[in-house]
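Reading the structure
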Amino acid sequence: MSGGEADTGGDKTVSFAPEEEKSAKVLQQKLSMLQKQHELQSVSNSLSFPKPVTRLVFWTRPKQRQRWGDVDSHPKLNWGDLFFDLFYVASALNLSYVLFYSPSAEGVLYFTGLFGPILLEWFQRTFFDARFVWGDDPFHKIFELVHLCALSFAAVHIRPVSTMTDPTQPEMFDFSLAVTGLALLNMYRSIEVMLTVDGEDAAKRGEKRRLIDYFIQLAFYLAAAVKSGITYYGSKSTDENDFGNRGLESLTNACSRMLNLAPERDLAAEVDVEKDHIPIILCLCGWSSTVVFYLFRSYFLEKKFGWHKKYNVPMNIEYLIHRYGELVMLLLGESVLSILITMSINTVEYHVTFYAAIVSIALLQYSHYKYQPHSPREHACRRSLRGSVTHYAIMIVYCHALVAVGTAYKMFLSTYEVEASLKNKDLRHLVTTLMSRNLAGAADKTKFTTVEHKQAVANLFCISMAIVWLCLEAMWVSHVGWAKYKAFVKTKPGIFCDVLRTIGFFFMLTISSYTIEPEWVTLIALLGICFEIVTAVLTDYFWHKQFGDLDDDDDGHWPNVTEPDSVPNEHVDEHDDHA
């Protein structure tokens, strides 16, 4: 039987024209892919909407979401992901108090060392869910519960620097133990895919490489747990009685200061303990080494040797865009909580700072989505491999800066709280300000009203805000591509926009050189954010004037609306190497 005939039974055949035969085959392939993706989507949705039990299955194989060149299915909202994100909101709140009580280089070290493992866990889990789905079975439900317990254990033991550096306190050991458990769970997840995945061989090869990354993390985290554990239990066994006496003396001195019965003294002088920074450095090396190896492999090896599609399966870009948006929202939400969970002080300066902070956070949200594409085909993860990993690295820095900005706003407002408390000598107000509002349970007290402290807070704020601005610009370049960006900046409008960006960046970075008063710093920063938005709008105008409109379906709405969109096969370039 020839290629243009179909058997209908007996001796009768039906002939098709070559064009009709080709169209029928393409339609059949699309229907087959859509049916398969519908099955995967049903499995994914069952994670949040369990189906009625029709048969008892304790464990099911993980399934690959899609293959290279497949149509991107638009994943529906997964309530399990949003519930999972709540744990990161609590982690971000506790992390903010690391900087709150230590706006110094030491505080930044502990902030990055504690935030990195938690943030990397979010990315690793999201990338896995963008590639694979699990069934609605009891085994994986139990696995999810164990994972959430390990994440909760890490979040609850995030404490200020004074506690994390104290070898007589178990917090550093407990945190290291928790992130070690998270690394072990990630290793199991990769091993399960390697052995049982319902998908391509590239999925198994890719998870082998990720297993090596997880093993490197595990080695560093385990070393941090061993070091902090030996220090803690050794100190506890040899100096338990003496530490109890010093702790009682510290409590007595703190109460005396609150009652103005004794002069102010530094807490570190009261409890003279040797700080141990080795565990946090090991934690920092654990997560940062994984990121560095991943960037090096993606930039210099995978494209050169053609390893990308050999060792990776594609991620669902629609799902990834939504998860990125949710991550930014939860970090901006942490900033909102930091601003709102404060004592209201009836002064003009407080209200200027408060409302400037609220408006600034709202404008940061608008500015973020102004730089984000409307559809997956315009995203860096769709454009190229290097664009995808560049966007990933920028997001890590961006998330750190967002939490630092929210923390700085809270520190500005807390300055007025402490000033009012000391001025009125209100013991109850002071205790509430310094202790009950502290979700991380800090035991130390910084000198909120001194010039040195105000300068440190202003510097932290300006540097963090400048990094946020720089990351937004870098993300935009990763989306549009380096070649197009270079062509744009060679034009007069492009040079003009870059000059405006440079002026705005250095202006934001140096605000603390002109003033350190919270109301003026936040008010000037608000004007700087408005200037940045105007610059972004002008850049967008000149960009589209040079390169044309993006799509015919772009209705010009405000860009904080993510559109469900899919890329059909005819729109996928054969050289497309999205992550």
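Residues numbered from 1 in each chain as written. Predicted model: local features only at pLDDT ≥ 70, side-chain atom pairs only at ≥ 80, totals over all residues. Heavy atoms only, no water.

1. As for the overall build of the chain
Let me state the cut-off plainly: We count a stretch as a helix when DSSP gives it H or I for four or more residues in a row; a strand needs E for two or more, and each element gets its number in order from the N terminus. Buried residues are those whose accessible area, probed at 1.4 Å on protein chains only, stays under 20% of the maximum for their type, while exposed residues exceed 50% and partly exposed ones sit between those limits. Residue contacts are defined here by distance: any two heavy atoms, one from each residue, within 4.5 Å place the two residues in contact. Note on areas: Shrake-Rupley, 1.4 Å probe, and residue coverage restricted to the protein chains presented here.
When helices and strands are tallied, the chain shows 20 helices and four strands. Here the chain holds 579 residues, and the buried ones make up 52% of them. The long-range share in the chain, meaning contacts at least 24 apart out of those at least 6 apart in sequence, stands at 85%. About 26,900 Å² of surface is accessible on the chain, with carbon and sulfur atoms providing 64% of the total.

2. What about the confidence of the model for the chain?
Under the convention used in this document: The pLDDT value tells you how sure the predictor is about a given residue, anywhere from 0 up to 100.
Confidence in the prediction of the chain, expressed as mean pLDDT, is 78, and 72% of residues score 70 or more. Segment residues 40-50: pLDDT under 50, and 30 contacts once partners within four positions in sequence are set aside and those in other chains are kept.

3. Observations regarding the packing of aromatic side chains
For the record, the criterion: Whether two aromatic rings pair depends on their centres lying within 6.5 Å, for rings of Phe, Tyr and Trp, where Trp uses its six-membered ring; planes under 30 degrees apart make the pair stacked, over 60 edge-to-face, and the rest tilted. Consider the ring centre and the ring normal. A charge sits over the ring if Lys NZ or Arg CZ is within 6 Å of that centre and within 35 degrees of that normal.
Scanning the model with the defined rule gives 36 aromatic pairs in all. Look at Phe100 and Tyr101: their rings are 4.9 Å apart centre to centre, the planes differ by 75°, and that puts the pair in the edge-to-face class. Considering the side-chain rings of Trp122 and Phe123, the 5.2 Å spacing of their centres and the 85° angle between planes classify their relative orientation as edge-to-face. On the basis of relative accessibility, which here comes to 0%, the residue Trp122 falls in the buried class. Taken together, Phe58, Phe128, Phe132, Trp134, Phe139, Phe143 and Tyr188 form an aromatic cluster joined through their ring pairs. The residue whose ring lies beneath Arg209 is Tyr311, and the NZ or CZ to ring-centre distance is 4.7 Å.

4. A look at the packing of helix H16 (residues 451-480) against helix H20 (residues 518-547)
The condition that has to hold: Each axis is a line fitted through C-alpha atoms, taken for helices only over the stretch in contact, and angles between the N-to-C directions span 0 to 180 degrees. In this scheme, roughly parallel covers angles under 35 degrees and roughly antiparallel covers those over 145, while 65 to 115 is roughly perpendicular and the rest are oblique. Note that Gly is not counted as nonpolar here; it falls among the polar residues with everything else outside the nonpolar set of Ala, Val, Leu, Ile, Met, Phe, Trp, Tyr, Cys and Pro and the charged set of Asp, Glu, Lys and Arg.
It is at 11 Å that the axes of H16 and H20 come closest, and there the two elements cross at 10°. Taken together, the axes of H16 and H20 lie roughly parallel to each other. Between H16 and H20, the contacting residues are Ala458, Phe461, Met465, Trp469, Leu472, Glu473, Trp476 and Val480 on the first element and Val521, Ala525, Gly528, Ile529, Phe531, Glu532, Thr539 and Trp543 on the second. Looking at side-chain class alone, the contact of H16 with H20 contains 12 nonpolar, two polar and two charged residues.

5. Re the packing of helix H2 (residues 79-101) against helix H11 (residues 317-340)
Formally: Two helices crossing with the near one rotated counterclockwise from the far one by less than a right angle form a left-handed crossing, whereas a clockwise rotation gives a right-handed crossing.
Across the interface, H2 lies against H11 with an axial gap of 9 Å and an inter-helix angle of 40°. With respect to H11, the element H2 is oriented oblique. Note on packing geometry: the crossing formed by H2 with H11 is right-handed. Each of Asp81, Leu82, Phe84, Asp85, Tyr88, Val89, Ala92, Leu93 and Ser96 in H2 lies in contact with H11, whose residues at this interface are Tyr319, Arg323, Glu326, Leu330, Leu331, Glu334, Leu337 and Ser338. A per-class count over the contact of H2 with H11 returns 10 nonpolar, two polar and five charged.

6. Considering the side chain of Ser360
Looking at the element boundaries, Ser360 is found in helix H12 (residues 348-370). Under the relative-accessibility criterion, Ser360 is labelled buried at 0%. If we ignore the near neighbours within four places in the chain, the residues touching Ser360 are Tyr409, Leu526 and Ile529.

7. Some remarks on the pattern of salt bridges
Rules: Salt bridges, as used here, are contacts in which a Lys or Arg side-chain nitrogen is within 4 Å of a carboxyl oxygen on Asp or Glu.
Summed over the entire model, instances satisfying the criterion amount to 14 salt bridges. Asp136 serves as the salt-bridge partner of Lys141, at 3.6 Å between the closest nitrogen and oxygen. Owing to a relative accessible area of 30%, Lys141 belongs among the partly exposed residues under this scheme. Among the salt bridges present, the one from Glu473 reaches Arg501, with a minimum N-O distance of 2.3 Å. Here Arg501 lies in helix H18 (residues 492-509) and Glu473 lies in helix H16, a separation of 28 residues in the sequence.

8. Things to note about H16
Selection criterion: What a helix is expected to span follows from its residue count: subtract one and scale by 1.5 Å.
With 30 residues, H16 extends 44 Å between its outermost C-alpha atoms, agreeing within 8% with the 44 Å of an ideal straight helix rising 1.5 Å per residue. The buried fraction of H16 is high, at 21 of 30 residues. Immediately downstream of H16, the backbone of Gly481 shows phi near 100°, a positive value.

9. Regarding a nonpolar patch on the surface
Defined as follows: A residue counts toward a patch only above 30% relative accessible area and without a salt bridge, and it is joined to like-charged neighbours within 9 Å or, for Val, Leu, Ile, Met, Phe, Trp and Tyr, to nonpolar neighbours within 5 Å.
On the surface, Phe58, Trp59, Ile142 and Val146 cluster together into a nonpolar patch covering about 390 Å² of accessible area. Among the secondary structure elements, Ile142 is positioned in helix H4 (residues 138-156).

10. Digging into the environment of Ser512
Note on placement: Ser512 falls in helix H19 (residues 511-514). Exposure remark for Ser512: the relative accessible area of 8% places this residue in the buried category.

11. As for the nonpolar core
Applied cut-off: As used in this record, nonpolar core signifies buried Ala, Val, Leu, Ile, Met, Phe, Trp, Tyr and Cys residues forming a set joined through side-chain atoms within 4.5 Å.
Counting residues in each nonpolar core, the largest one holds 125 residues, and the members touching the most others are Phe123, Phe175 and Phe461. Residue contributions to this core peak at 18 residues, all from helix H14 (residues 385-424). The contact partners of Phe123, leaving out residues within four places of it in the chain, are Tyr324, Leu327, Tyr392, Met395 and Ile396.

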